Every structure is written in structure tokens, then in C-alpha cells.
Amino acid sequence: MSANTYDAIVIGGGHNGLVAAAYLARAGARVVVCEARHKTGGAAATDQPWPDHPEFRVTTLSYVMSLMPDTIVRDLRLARHGYRVHPVGPYVVPFPDGRVMIEYDDPSKNHDEFAKFSKEDADALERWEAWIGGLAAVLGPLLMTTPPQIGSKRPGDLLEQLRLAWRLRGLDVRTVGEVTRLLTMSVADLLDRFFESEQVKAVMAIDGLIGTWAGPHEPGTAYVMAHHEIGDVGDGTLGSWGVPEGGMGAVAEALERSARAFGAEVRTGAAVDRILVAGGSARGVVLAGGEELLAPVVVSACHPKVTFLRQLDRTDLPADFVQDIEHWSTRSGVVKVNCAISRLPTLAAEPEWKDFSGGFEIAPSIDQMERSFEEARAGRPATLPFSDGVIPTTLDPSLAPEGAHVVSLFTQWVPHTWSEEPHREELEAYADRVVQAYEDVAPGFRESIVARQVIGPYDMETEWNLIGGNIFHGELSADQLFHMRPAPGYADYRTPIEGLYQCSSATHGGGGVSGIPAYNCVREIRRDRKRRRRRR
């Protein structure tokens, strides 16, 4: 085999690309990863954004771990390569009326906390946990299942549809109805079925909004909430939110070390200009500098609009598939605000509270979050942004000097069209409002800020190829899930080009740093390889 010939080429060195490369190399393939940026990890990165304060390191975009299955951690020996995750602590949610809700990962503590706002809601919590747990038992294992080509009459596809039906054979009419509600309802309407307190509903709605171009009254946000809470992905392990030691970049580093240890080659500064196709089959890639790399298998971990609309000639693809990708919805109104602070915040309502190892949220009410989204939908940045805040240095002090901290604020919303232009001045004004929201509930927060970094949708698209600034490579709406992700007939990680596969977050199981799309994709690559051997 010549120096530029491989068994498989992986385009994109984000977490899914690295997982795919590690599994392929583990199976004995000669693999190369081509990453355009100067380092691997994509949105899972730890950086030093402030030259005047190099002692602070931040998790630039993605900021917590949740859904990565133990199967992947074990198979790829990630602990051996430095993967360490600290479970997050309680979530702190201050309200405009001066009260604070603390949400724990402990049902008994949550019961007492919810009872401060509504005794009925505290009593309803057990019913809610049972409801969402029951649906997780159905939906969780499906994340690690390849979606069948629903509607296809080909014998092989019919068999896969029957296998799916067999897996779901235990569902009764009631459970199917509840799954339908989850997939189609707004998170606000869903929570109305269980809770009465506006504060409780605001806290519970948070997971339905993260990274989503939708307000809490938008249909489909109930599933987004569930996607972040499912946890059990079919290998017997319930996931929970966690902060990786060394930041999210340490996750990418562990994955890269794993891939290299199995024999994969990883190249940075190796942007793929186009994918080579001959006779309807993938043959390799051409790098931006003109170098050709050849392989019968090419795996893209990039956004589908990059893979199919930029790196391929559209004439090599079916017209209806091209149209589906052109209409793939990938909007976002996310702005990431990273801060270096000299001390932990002090809550005005509870000055003795010191545990900020979980979330520190700005989520005043469902109505306010809806108004914030509607402002962005109308073309204006939110007057009062919603913010999911994390202070990872409470669990991993290595990211900041002693006594100081870094704050990761995942905020929403600005107009999704801001992905087309930088909007620097407006972004800074928006970030000022985010800071003011924290100042209002934790006086002195603004004064504690040593340095600040503001990353808008334009930066996410131009620097990280997150088209539209969407962290999921495509919205988690009902019309873009399971067998529709990213196009009907191509949700099985295959593409119209033989030998070309896709494993980005735009495929089934994507959303969050989980590696599930890559795990599923490699399973399908190996199945295809076995089929080809049997035909010989």
C-alpha cells in the first residue's frame, strides 16, 4: 500500500471523526483523519483566548459531557488516555422575585426544594420521573440503533423495519401515545400536564431550549428536553452531566490518543477540498493544497451542507437528495460568552451559598424565555437573554489560577441570520446584557470579570463549520429525527455515493459530545464489508 493510499479516510477531526477513526483502526484498517483546523476536537476544545491572561483556559464552545456511552469509553480505553469526568453538582436558578431554586440530582432533595414553590409540584415530581424514565427506556436504546429505511420495499430494508418493530413489540397503546406527545409537543405544554408553579416549569424547561432555534412554546422542544435527559443509551448505564478534567479539549485529546494508539494517522491543517468519486463510488479526497489521498471508504464527520454541497459535485448526487440537504434546517441563535473571574459569585438572595459545581441559570420564566426567542425571530437580539451557565473550575481547578475561575455561559437568542455577518458591536452589547442579568442576581459579578470572550453564530460557522451556528449540525425538530436525519433514505450513515459514509451530529444519535453517530456508522461500514466478502 503506497504512502497516500488507505483503507479509510475520515474527514473532520471533531469528536465523532476521532471516534470513527479509533474504531476503524481498532478493527485493523489503515486510517487517516483529515482535520482542517490546527488541532483536533472541533467544538470540543480547550483554549487560552486571552494573551494577557494565559493562565486561564476555557472550554470554548461545548462545555459539558452527558451521553457518551460506557461502551465507547471502554472500547477505546479512554480512561487510559486521560479521560476523566466529574459529575456536576446542583443547579442554581435565581428568580426575579428574589427566591432561588436549587435543583439536585437527588429526588428527595428536589422534593423539598420544589415544595418551597408548590407542594403539588413536589408531589408530582415522582410521577414526572417515572414518566420520563419510562420513555427513556424506549428512546434511549434507539440512539444506538441504525434507523431503517422506513417505506422501502427492498427485502433487506423490510427486514430492518421488522427488526425495529420487534424491538418495540412491548409498547402498548398508551406508551405509543406518550412517545407521540414527546416528539410533537412544546416543552411548555408538556410541563403544564405535570406542574403548576411557573418557577418549577421554568427550571424544567431549560433542557428543552439549549442550542435550539425555538422558544418553549414551539412544538418539538419537548423532545429536545428528553434528548438531554435520556441518559440510558442501551448499554445499561445512565448518563449524567459532567465536567471533563482539562476541559472539553481533554476529551478530544483522549480520543486522538486512542485513535493513534490503535494505529490511525491524524493530520491537522489538512482541509479537504473535494471528495473523489468515480463510477458512483468514493475513491478518496483531494486536500486544499492539491494532495490526493486514496481509499475505498471515506467517512465524513462534517456538516452535511459542507460534505454534499461543497466537497462533492452535485451532479454525482440524486436531485431530490440535494434538495433535502439544501433544505436541511440548521438555524441557531446561540452566543457563547466565556469569562475569567477573580472569585465565585455571591447570590443576593442566598449569600451563604457556595456550591456552583452545577449550572448557574438565567431562566426567569417560560413567558420571558418565549419573549426572548420571539425578539430574535423578529430580527432583534434578546433584551433579556436566556443563559445556561457552568463554572467548571469548581470541579477542575487546573483551568484557572488558585482562587480564580472560568465561567462558561451558553446563551440565547440572537437572530439566526447573524451567522451571515459578524455583528461585533451588537454582540458585545448583547453580552453586556447577559452579564447584567447575572449582576442582578449576584451583585459584584461584573466587577469580578478579568477577561471576556464573545462567540456568535458567524464565528461558529466560519471557524468551526457549524453552519448557522447550530451545535447539533441540524435542528432536533420532529421532521429531522431518526429516519429523517439528515434525509429520508439516508439515515443509515450511508450516502448516495457507495463507500462514502456520514457520522456527523447531523446523523441519528447526534446532539452532544457522545460519539454515538460514529459508533453506529462504523458498525454499518463493517456490515457492508462483510456483505461484500460474502458476494465474492
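The structure presented is a predicted model; accordingly, all values stated were derived computationally and were not measured.

## Overview of the sheet that holds strand β19 (residues 500–502)
Point 1. Pairing is parallel in the open sheet, where five strands are placed in the order β9-β2-β1-β13-β19. Edge positions in the sheet fall to β9 (265–267) and β19, since each has one partner strand and no second. If you compare each strand with its neighbour and ignore which way they point, the axes differ by 20 degrees on average.
Point 2. Inspection of the sheet shows strand β1 (residues 8–11) paired to strand β2 (residues 31–34) by four bridges, in the parallel sense.

## Describing the sheet that holds strand β12 (residues 292–294)
Point 1. Strand order across the open sheet formed by three strands is β10-β11-β12, with antiparallel pairing between neighbours. The sheet is open, and its two edges are formed by β10 (272–278) and β12, each paired on a single side. With direction set aside, neighbouring strand axes in the sheet form an average angle of 30 degrees.
Point 2. The pairing of strand β11 (residues 281–287) with β12 spans three bridges and is classified as antiparallel. Counterpart to G284 in the pairing with β12 is L294.

## Details of helix α16 (residues 457–464)
Point 1. Every buried residue of α16 is listed here: P457, D459, M460, E461 and W464.
Point 2. Along its buried surface, α16 packs onto β14 (334–341), α14 (424–441) and β18 (449–455).
Point 3. Looking one or two places after α16, you find N465, whose phi comes out positive at around 60 degrees.

## Looking at unusual backbone geometry
Point 1. With omega at 5 degrees, the peptide bond leading from Q412 into W413 counts as cis.
Point 2. For W413, the position within the fold is in the loop between β17 (405–412) and α14.
Point 3. Note the cis peptide between R485 and P486, where omega equals 5 degrees.
Point 4. The residue P486 is located in the loop between α16 and β19 in this model.
Point 5. Phi angles above zero are rare outside glycine, and R77 is one such case at about 55 degrees.
Point 6. Here R77 is to be found in the loop between α2 (70–75) and β5 (85–87).

Calculation notes
- Residues numbered from 1 in each chain as written.
- Predicted model: local features only at pLDDT ≥ 70, side-chain atom pairs only at ≥ 80, totals over all residues.
- Heavy atoms only, no water.
- Pairing = 2+ DSSP bridges.
- Helix = DSSP H or I, 4+ residues; strand = E, 2+ residues; numbered from the N terminus.
- Axes fitted to C-alpha atoms, helices over the stretch in contact; angles between N-to-C directions.
- Buried < 20%, exposed > 50% of the residue type's maximum accessible area, 1.4 Å probe, protein only.
- Contact = heavy atoms within 4.5 Å.

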